[in-house]
Amino acid sequence: MAKTLTEKILSMKTGLEVKPGDIVVSPVDWALVQDTTGPLTVREFLSLGLPKLANPTHTILFIDHAAPSPQKQLSCDHTFLRKFAKDYGAVLSDVGEGVCHQIMAEKYARPGDVIVGADSHTVTAGGLGAFATGMGSSDVAAAFGLGKTWFRVPETYFIRLTGKLQRHVTAKDVILHLIGMIGADGATYKSLEFGGPGAAAMPVTDRLTIANMAVEAGAKVGLFPSDDATLEYLTQQGRSQDHIRLFADEDAVYERVIDIDLAALEPTVARPHTVDNTAAVGELKGIKVDQVFIGTCTNGRLEDLKLAADILRGKRRNPATRLLVAPASPRVMLAGMRMGYIQDLVQAGATILPPGCAGCLGVHQGVLGDGETCLSTANRNFLGRMGNPEGLIYLASTPTAAASAVTGVITDPREV
Ligand SMILES: CC(C)[C@H](C(=O)O)[C@@H](O)C(=O)O
Ligand code: SF4
C-alpha cells in the first residue's frame, strides 16, 4: 500500500501495514521532558514502581524553561530532576545547554525516529523526518518505563510548497500563513506533511521552524522528507551516520492537499491573542513596540542571528524598544560569536540572554509591563504568555523583529 511519511515511519517501527485510524503500539526511540513538565513525569514514572528506565541513554531531561532558575521552587524542581537523572542513568541537559528542541535537532533526532516529549513543541524534530510529538506527562512516564507507546495513526494533510520566498520572507512567514489559513484547530490530530519543490529547497533550519509550529494548528506531527538537505544538516552536526533517506510514496493518499506559492507570501504577523489571528505586516505597520524578543525553539538558530545582525549592523535599536536575543544553544551562540553576529547585535543595543527558553513563556527574562507590546519570534502569543495578561504579544519572523527594533514600531523588513 502506498504510504505517507507518517504511515511509512509507523509501519517501519511496528512491522505492520498501518493506515489512518489504526491504533498501534510503537517502540519509542527518544523520550524527553523539560523542567516544567519533568517533575510530574518523574513522579508518575516512580509511581509505576518499575525498577529502571527502558532506555536510559535515550531518556533526556532538559532544564531550559526556567534556566537559570528565577526562584526557589523551580530550583528545587531542578535539583529533583538532576537527582533522578543521576539515580536512573538518564541524560541531563542542564542550565545554559540550550532549548530542548534545538538540542534534540543538534544531537539526537534521526530521520525515521519515533520521539515523544512532555512538551508540545517536540514536533520540531519532524523537520528532520522524525515522527515526533508532544504528550502528557503520564504518557511520557509510561514511555520512560516501557520504551513504547500507543498512537492512533493520524490522517495526513499534504502541504505542497512551490515557488521561491521573496527577500526577507522566511519559513516563519510560511507557517504563520498556513495557520492563519486553516486556523489553530485546522489540523487537529492530523499529520502535516510538507513537500514540493519549495520544501525540497529549504534548509533543515527552515524546516525545523515550520515543523515546530505544526502543533499551533493542532497537528500531531509536522513532517518533512529526509533528503540531501537533511544529510547536510546532520553532517554539520557531526552525525552523518544517522542519515537515512525517507520519502512518502508517490501515490500516497492524503486527506487534504493545500498548495502554497512561496513567492506570493508577505511577511506575516500573528496578532494578540491567538496564533491564527494573522495579517500581512503592512496592515500593522506603525504599532509601537516596547520589546523585541528574538529566540526560542522556533527562531533562535544561527540563521536567525545572521538575519538579525544583517539588519541591525551599524544601526541602533530604538531607545524606547528593548531588544532581547536568546541563542537556542551554546553551539548557536559560539558560532554567532565566531561570525561576529553577537557583537553586531550587542553594538546595536541587544541584551544577550543565556541559551534557553528565556522570556518565551513568561517565567523570567523579559516579563512584560502593563500595556506593553512585545514583538516575538516565538510560537505563542496567548493572553498572559509572557507573564502579564496586561501585555500584548505579536508573533513574527526574525527579519520583521529586527526591523521593528530599529524603528520602534512594527515594520516591514523589506523597507529597512
Ligand atoms: C510549558 C510547556 C508545557 C509548554 C509546551 O508544552 O509547549 C511550553 O514549552 C510552551 O511552549 O508552551
Ligand atoms: S522556547 Fe518557548 S516554545 Fe520552545 S520549548 Fe521553550 S517555552 Fe516552549
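Keep in mind that what you see is a predicted model, and the values were worked out from it rather than measured. (Residues numbered from 1 in each chain as written. Chains lettered and ligands numbered in written order. Predicted model: local features only at pLDDT ≥ 70, side-chain atom pairs only at ≥ 80, totals over all residues. Heavy atoms only, no water.)

1. As for the site of ligand 1
Looking at ligand 1, the residues that line it are Q34, T36, T37, H65, D119, S120, H121, L361, R380 and R385. At a separation of 2.7 Å, an oxygen atom of ligand 1 approaches a polar side-chain atom of H65. Between H121 and ligand 1, the recorded distance is 3.4 Å, taken from a side-chain N or O atom to an oxygen atom. For ligand 1, whose unbound accessible area comes to 310 Å², protein coverage reaches 77%. For the shell around ligand 1, a count of residues per class yields 1 nonpolar, 6 polar and 3 charged. For the shell around ligand 1, the domains that each give at least three residues are domain 1 (5–261) and domain 2 (269–415). (Near = heavy atom within 4 Å. Polar contact = N/O pair within 3.5 Å; in protein donor to acceptor, adjacent residues only side chain to side chain. Areas by Shrake-Rupley, 256 points an atom, 1.4 Å probe, with all protein chains shown as cover. Nonpolar A, V, L, I, M, F, W, Y, C, P; charged D, E, K, R; others polar. Domains from an automatic or database assignment.)

2. Notes on the environment of H177
Here H177 lies in helix 6 (residues 171–182). Through-space distance from the C-alpha of H177 to that of I260 is 9.1 Å; in sequence the pair is 83 residues apart. Beyond its immediate chain neighbours, meaning those up to four positions away, H177 contacts I260, L265 and T268. (Helix = DSSP H or I, 4+ residues; strand = E, 2+ residues; numbered from the N terminus. Contact = heavy atoms within 4.5 Å.)

3. Quick word on the sheet that holds strand 2 (residues 30–33)
Pairing within the open sheet is parallel, and its 5 strands lie in the order 4-3-2-5-6. Of all strands in the sheet, those with a lone pairing partner are strand 4 (91–93) and strand 6 (131–134), marking the two edges. In this sheet, adjacent strand axes meet at a mean angle of 20 degrees when their direction is disregarded. Inspection of the sheet shows strand 5 (residues 114–117) paired to strand 6 by 4 bridges, in the parallel sense. Directly across from V114, in strand 6, lies its bridge partner F131. (Pairing = 2+ DSSP bridges. Axes fitted to C-alpha atoms, helices over the stretch in contact; angles between N-to-C directions.)

4. Let's talk about the UniProt feature "binding site: [4Fe-4S] cluster" (unreviewed entry) in the protein chain
UniProt annotation of "binding site: [4Fe-4S] cluster" (unreviewed entry) refers to C297, C357 and C360 when read in the numbering used here. A maximum C-alpha distance of 9.6 Å places the annotated residues, which cover 64 residues in sequence, within one compact spot. Note that C297 resides in helix 10 (residues 296–299). Once residues lying within four places of it in the same chain are set aside, the contact partners of C297 are V99, H101, H121, N212 and N379. Take C357: it is sitting in the loop between strand 16 (350–352) and strand 17 (373–376). The exposure class assigned to C357 is buried, which follows from its relative accessible area of 8%. Look past the residues within four positions of C357 in its chain and what remains in contact with it is D64, H65, V99 and F293. (UniProt positions renumbered as here; feature names shortened; annotations may be inferred. Buried < 20%, exposed > 50% of the residue type's maximum accessible area, 1.4 Å probe, protein only.)

5. What about the packing of aromatic side chains?
Within this structure, the stated rule accounts for 9 aromatic pairs. On the basis of an interplanar angle of 65 degrees and a centroid distance of 6.3 Å, the ring pair of F45 and F144 is categorised as edge-to-face. Here the residue F45 occupies a position in helix 2 (residues 38–47), and F144 occupies one in helix 5 (residues 137–146), the gap between them amounting to 99 residues. Of the two residues, F45 and F144, both sit in the buried class. Between F131 and F151 the ring centres are 5.0 Å apart and the planes differ by 70 degrees, which places this aromatic pair in the edge-to-face class. Placement of the pair is F131 in strand 6 and F151 in strand 7 (residues 148–152), with a sequence separation of 20 residues. (Phe/Tyr/Trp six-rings, centres within 6.5 Å; stacked < 30°, edge-to-face > 60°.)

6. Topic: the site of ligand 2
In the vicinity of ligand 2, the contacting residues are H65, V99, H101, D119, H121, T296, C297, C357, C360, L361, N379 and R385. Counting the residues that make up the shell around ligand 2, at least three belong to each of domain 1 (5–261) and domain 2 (269–415).

7. Focus on empty space enclosed by the protein
Applying the stated rule across the entire model yields 1 cavity of 30 Å³ or more. Considered as a void within the structure, the largest cavity measures approximately 60 Å³ in volume. The wall of the largest cavity is formed by V28, D29, W30, A31, A54, N55, H58, T59, A143, F144 and G147. Counting residues per element, the ones that place at least two in the lining of the largest cavity are strand 2 and helix 5. Classifying every residue of the lining of the largest cavity gives 6 nonpolar, 4 polar and 1 charged. (1 Å grid on protein atoms, 1.4 Å probe; cavity = no way out; pocket = protein on both sides within 12 Å on 5 of 7 lines; lining within 4 Å. Points joined across faces, edges and corners; volume = space filled by probe spheres on them.)

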